[in-house]
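Read off the chains here:
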Amino acid sequence: MSEHRAAGGWNELLVTALLVASLAVVVELADRHPVRVDLTEEGAETLDPDTLASLAMLEAAGSEARITAFSAQARDPGAALHDRELRDRLALLEQASPRVRVRFVDFDRDRVTAEQLGVSRYGGAVVEIGDQRVDLTDRDLFHYRTGATGREPSFIGEAALAAAIRRLISPDRRTLVLLSGHGETPIFDRGLGELHGLADRAEEQGWTVRTVDLLRDAGPGRAPVVPSDAAAVVAIGPRAPLAPSEVQALRSFLGDGGGVGWFVEPRGELPSFLVELGVGLEDGIAMDPATQIPHLDRPLLRYGRHPITEVLGEQDLTTVAAGAAGLSTTPTDGVEVSTLLQTGPRGWLERGTEQPPTWTEGEDEPGPVLVGVALGVISPHPAARPGRRGRVVVVGDVDLLRDELIAGAPGNATFVTNTLRWLMGTETPMTRVGRPRRVRTLTLDEHQLDVVRLWLVGGMPLLAALVGVVVSRTRRTR
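Given the structure is predicted, the values throughout are model-derived calculations rather than measurements.

Student: Describe the overall build of the protein, with residues and values.
Tutor: Across its full length, the protein holds 14 helices and 19 strands. Across the protein, contacts joining residues at least 24 apart in sequence account for 69% of those joining residues at least 6 apart. Here the protein displays about 26,100 Å² of accessible surface, and carbon together with sulfur accounts for 55% of that area.

Here you go:
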């Protein structure tokens, strides 16, 4: 009996040793070859396609990005959550690209590093490529809301980090010119109808945004010209016609391979150079049975085939307009026309005044109704830059640019950003911008984390020991 017990004991010891050795091998393999699996409902722990595109640009340029992030103030109640979120996001970037190097610095304990980089505040980050750098503040990386335990941080800085990488790869910041002087909707307005979301999208791309009044800025006795550093010119809801000299300036800019975006409301007016390219503005408002409930005048638009809309169709992202005008196109020599946005075949152009709007035979125009169009213009000027053609986007709506629809419609931010990219002539691939909302995450405070650690370090081994004791006693009683 004693020999049997001794053999059983040696067998249990051997099995335990093999189990410990197996766990050690698994831990070592996991450390050398880490794999992340995103089990969140809407991909909260997966990098945005826009960020992956920036990392691809970094790889193509053969550069290395160094990111130095600094901790939050230790006495802040949300410091632990802040630092953990920041570490996790930076780890995602480092894992996604071998050309990203990340360093996390405790601001209170390592003031030397902070002084060397000229950083004087908690919670920020410095992105460096070569001898160039971009400084990001805590407000660029986190949004705070008041919760039960005080200020609760939420990470929003992925787009800012991606934009910093793009800006450093292409240090010559491209300029987006917004027309003014004709009643356009201002992008930096502080009242109702703000376009802060549009400004944020431009900043994320690393562009300089400048408002220009062509007539006023030309000076006395001089013809208006588009600024020489402009990559694209965009007009947002002009209410008055352009002067002939302004039209000529835009026509010349387009002929030299520039990009022009025109967002117009119903009963608005298109400049003559767009009419010459075959674009017309229809009388009426675009309607469709498929709408963003409860708004009857917000059709869920469909996409044509174009680089701007390709990713929107692939990922089934919906773009919504509000009270949009219908457009028409006429074949014109030297102009390639592509549909961007339109209603479904059951849509119509509402020309009546009845409420709610309904299709009326003989009064309304049957669909599909064209709402957005892209034009590729072959320049007739022999002095135009070779290999480049003018780019034009005309959209019969301004509301799809406003904050409400940028934030509230899944595809609007992507459509607007990719439209501006195409007009600017950027080589960055057209990708989805941002991620769907309503991301559900599990957040634990420091006390809850201590409970989890105590259970993993002490509770589970004690449970295993207890099971072992029960098994041993059961065998002895046999």
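Additional details are given in the paragraphs that follow.
Student: Quick rundown of the packing of aromatic side chains? Include the residues and the values.
Tutor: With the rule as written, the count across this model stands at 5 aromatic pairs. Seen in terms of ring centroids, Phe-142 and Phe-155 are 5.4 Å apart; in terms of plane orientation they differ by 80°. Their pairing is edge-to-face. Taken together, the positions of Phe-142 in strand 5 (residues 142-147) and Phe-155 in strand 6 (residues 150-155) put the pair 13 residues apart, joining distant regions of the chain. Here Phe-155 falls in the buried class, since its relative accessible area comes to 13%. Between Trp-262 and Phe-273, the aromatic rings sit 6.2 Å apart at their centres with planes inclined by 85°, giving edge-to-face as the arrangement. With Trp-262 in strand 10 (residues 259-263) and Phe-273 in helix 10 (residues 272-276), this pair connects stretches of sequence that are 11 residues apart. The burial state of Trp-262 is the same as that of Phe-273; both residues are buried. Among the aromatic side chains, those forming a connected cluster through ring pairs are Phe-70, Phe-107 and Tyr-122.

Student: If you had to explain the pattern of salt bridges to someone new, which residues and values would you point to?
Tutor: For the structure shown, the criterion picks out 15 salt bridges. For Arg-111, the salt bridge is made with Asp-108, and the minimal N-O distance between the two is 3.9 Å. Assessed through its relative accessible area of 34%, Asp-108 is described here as partly exposed. Residue Asp-229 pairs with Arg-210 through a salt bridge whose shortest N-O separation is 2.7 Å. Taken as a pair, Asp-229 in the loop between helix 8 (214-218) and strand 9 (230-236) and Arg-210 in strand 8 (residues 208-212) lie far apart in primary sequence, 19 residues in all. Using a relative accessible area of 33% as the deciding quantity, one classes Arg-210 as partly exposed. Connected through salt bridges with shared partners, the residues Glu-282, Arg-351 and Glu-365 form a single ionic network.

Student: Please set out the pairing of strand 19 (residues 390-395) residue by residue, giving values where relevant.
Tutor: Burial analysis of strand 19 places 5 of its 6 residues in the buried class, which makes it a mostly covered element. Of the strand pairs in this sheet, strand 10 and strand 19 are connected by 5 bridges, and their pairing is parallel. Its bridge partner being in strand 19, Trp-262 is matched across the sheet by Val-394. Note: strand 18 (residues 370-377) against strand 19, 6 bridges, orientation antiparallel. Within the sheet, the bridge partner assigned to Gly-372 lies in strand 19 and is Val-395.

Student: Which residues make up the sheet that holds strand 4 (residues 132-136), and what values do they have?
Tutor: Overall, mixed pairing links the 4 strands, which are arranged 2-1-3-4 in an open sheet. Edge strands, defined here as strands with exactly one partner in the open sheet, are strand 2 (100-105) and strand 4. Neighbour-to-neighbour, the strand axes of this sheet turn through a mean angle of 15°, independent of strand direction. Relative to strand 2, strand 1 (residues 65-70) runs parallel, the two being bridged by 6 bridges. Of the residues in strand 2, the one forming a bridge with Ile-67 is Val-102. Across the face of the sheet, helix 3 (residues 79-96) comes into contact with strand 1 and strand 2 while running at roughly 165° to strand 2. The sheet contacts of helix 6 (residues 158-169) involve strand 1, strand 3 (125-129) and strand 4, and relative to strand 3 the element is tilted by about 30°.

Student: Can you explain helix 9 (residues 244-255)? Please cite residues and give values.
Tutor: Its 12 residues give helix 9 an end-to-end C-alpha distance of 16 Å, which sits within 8% of 16 Å, the value for a rise of 1.5 Å per residue. Every buried residue belonging to helix 9 is among Glu-246, Val-247, Ala-249, Leu-250, Phe-253, Leu-254 and Gly-255, and all of these are buried. Phi for Gly-257, located one or two positions after helix 9, is positive at around 95°.

Student: Quick rundown of the nonpolar core? Include the residues and the values.
Tutor: Counting residues in each nonpolar core, the largest one holds 40 residues, and the members touching the most others are Val-234, Ile-236, Val-393, Leu-400, Phe-415 and Val-416. For this core, the secondary structure elements donating two or more residues are strand 7 (175-179), helix 7 (196-204), strand 9, helix 11 (307-314), strand 15 (335-342), strand 18, strand 19 and helix 13 (412-424). Apart from the residues within four sequence positions on either side, Ile-236 is in contact with Leu-178, Glu-184, Thr-185, Leu-195, Leu-198, Phe-263, Val-398 and Leu-401. Of all hydrophobic cores here, the second largest spans 29 residues; its members include Val-177, Val-260, Leu-270 and Leu-375.

Student: I'd like to hear about the confidence of the model for the protein, residue by residue, with values.
Tutor: Segments scoring low in pLDDT should not have their predicted coordinates read at a detailed level. The pLDDT averaged across the protein works out to 83; a share of 85% of its residues lies at or above 70. Ranking the elements of the protein by mean pLDDT puts helix 1 (residues 2-32) last, at 73, and strand 10 first, at 96. pLDDT under 50 marks residues 382-386. Its contacts with residues more than four places away, or in other chains, come to 7 contacts. Across residues 436-443, where pLDDT falls below 50, the model places 12 contacts with residues more than four positions away in sequence or in other chains.

Criteria and cut-off values
Residues numbered from 1 in each chain as written. Predicted model: local features only at pLDDT ≥ 70, side-chain atom pairs only at ≥ 80, totals over all residues. Heavy atoms only, no water. Helix = DSSP H or I, 4+ residues; strand = E, 2+ residues; numbered from the N terminus. Contact = heavy atoms within 4.5 Å. Areas by Shrake-Rupley, 256 points an atom, 1.4 Å probe, with all protein chains shown as cover. Phe/Tyr/Trp six-rings, centres within 6.5 Å; stacked < 30°, edge-to-face > 60°. Buried < 20%, exposed > 50% of the residue type's maximum accessible area, 1.4 Å probe, protein only. Salt bridge = Lys/Arg side-chain N within 4 Å of Asp/Glu carboxyl O. Pairing = 2+ DSSP bridges. Axes fitted to C-alpha atoms, helices over the stretch in contact; angles between N-to-C directions. Expected span 1.5 Å × (residues − 1). Core = buried A, V, L, I, M, F, W, Y, C linked by side-chain atoms within 4.5 Å. pLDDT = per-residue confidence, 0-100.

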